[in-house]
Amino acid sequence: MSKKSKIAYLILTTIFFIFFNFYFSDIILKSDLLLAENPVLDIIYVQNSGAAFNILDGYKIFLIVFAFAAFSALIFYTLKHIQKISVFCLFFVSLLLSGIFNNMCERMLFGYVRDFIKLNFIDFPVFNISDIFINIGVLGLIFIILKNNYLKK
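On a predicted model such as this, the values are computed, not experimentally measured, just so you know.

Reading guide: rules and limits
- Residues numbered from 1 in each chain as written.
- Predicted model: local features only at pLDDT ≥ 70, side-chain atom pairs only at ≥ 80, totals over all residues.
- Heavy atoms only, no water.
- Helix = DSSP H or I, 4+ residues; strand = E, 2+ residues; numbered from the N terminus.
- Buried < 20%, exposed > 50% of the residue type's maximum accessible area, 1.4 Å probe, protein only.
- Contact = heavy atoms within 4.5 Å.
- Areas by Shrake-Rupley, 256 points an atom, 1.4 Å probe, with all protein chains shown as cover.
- Lys, Arg positive; Asp, Glu negative; His and termini not counted.
- Charge placed at Lys NZ, Arg CZ, Asp CG, Glu CD.
- Phe/Tyr/Trp six-rings, centres within 6.5 Å; stacked < 30°, edge-to-face > 60°.
- Pairing = 2+ DSSP bridges.
- Core = buried A, V, L, I, M, F, W, Y, C linked by side-chain atoms within 4.5 Å.
- Axes fitted to C-alpha atoms, helices over the stretch in contact; angles between N-to-C directions.
- Nonpolar A, V, L, I, M, F, W, Y, C, P; charged D, E, K, R; others polar.
- Patch = residues over 30% accessible without salt bridge, like charges linked within 9 Å, V, L, I, M, F, W, Y side chains within 5 Å.
- Salt bridge = Lys/Arg side-chain N within 4 Å of Asp/Glu carboxyl O.

Novice: Tell me about the overall build of the chain, and name the residues and values.
Specialist: Along the chain, the regular secondary structure elements total four helices and two strands. When the helices and strands of the chain are listed from N to C terminus, the series reads α-β-α-α-β-α. When the 153 residues of the chain are sorted by exposure, 38% land in the buried category. Restricting to contacts in the chain with at least 6 residues of sequence separation, those with at least 24 account for 71%. Accessible surface, the chain as shown: approximately 9,600 Å² in total, 72% of it carbon and sulfur. Computing the positive centroid from 13 side-chain charges and the negative centroid from 9, the chain places the two 24 Å apart.

This is how it looks when you write it as structure tokens:
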């Protein structure tokens, strides 16, 4: 795949995931699903003014600046090395970028991140679609890095 095609793929998938996230988060938060309860998960509304596990609560500006720096660094690194990066890897980068971007935008727009997914089978903090995208993106990239390092040996 050419450099331009990879850049277009990265941009389009990132934009798709950003809109997917905003659209479905709004649908869930504006629907009757907030009252839904079952043994696996609850859909509840929590305003998270901190980061993961509500750490850095009250450090909104720092979290926005950190997210912007992480977003910018990831884009810069990806574009600099895009010819060596596989499309499979770009998929996980776009998930990570969109998750970071959505959480950053919610923090700027609302002053907090809207969390709404609570797992009932484990004691775990309430989270949102952006958090899912970030975790899948990070895990996918770790898997690719470990696989590539293993294959080099």
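Novice: Could you give me a rundown of the packing of aromatic side chains, with the residues and numbers involved?
Specialist: Counting across every chain of the model gives 13 aromatic pairs. Members of the aromatic cluster, joined through ring pairs, are F16, F17, F20, Y23, F24, F88, F91, F92 and F133.

Novice: Would you mind going over the pairing of strand 2 (residues 113-119) in detail, with residue names and values included?
Specialist: Of all the seven residues making up strand 2, six are buried; the element is thus mostly covered by neighbouring parts of the structure. Pairing between strand 1 (residues 41-48) and strand 2: six bridges, direction antiparallel. Bridge assignment links L41 to a residue of strand 2, and that residue is L119.

Novice: Which residues make up the nonpolar core, and what values do they have?
Specialist: Counting residues in each nonpolar core, the largest one holds 28 residues, and the members touching the most others are C89, V93, L97, F116 and L141. Among the secondary structure elements, those contributing two or more residues to this core are helix 1 (3-30), helix 2 (60-80), helix 3 (87-110), strand 2 and helix 4 (129-152). Beyond its immediate chain neighbours, meaning those up to four positions away, V93 contacts L10, L74, T78 and L141.

Novice: Could you give an account of the packing of helix 1 against helix 4, naming the residues involved and the relevant values?
Specialist: Between two packed helices, what matters for the description is the angle formed by their axes and the separation of those axes. Where helix 1 contacts helix 4, the axes come no closer than 9 Å and their chain directions differ by 145 degrees. Here F17, F20, N21, F24 and S25 of helix 1 lie close against helix 4, whose contacting residues are I129, S130 and F133. Among the residues forming the contact of helix 1 with helix 4, the class breakdown is five nonpolar, three polar and no charged.

Novice: Would you mind going over a nonpolar patch on the surface in detail, with residue names and values included?
Specialist: A grouping of F16, F20, Y23, F24 and I27 is seen on the molecular surface, where their side chains present a nonpolar patch of about 480 Å² in accessible area. Summarising the element assignment, I27 is placed in helix 1.

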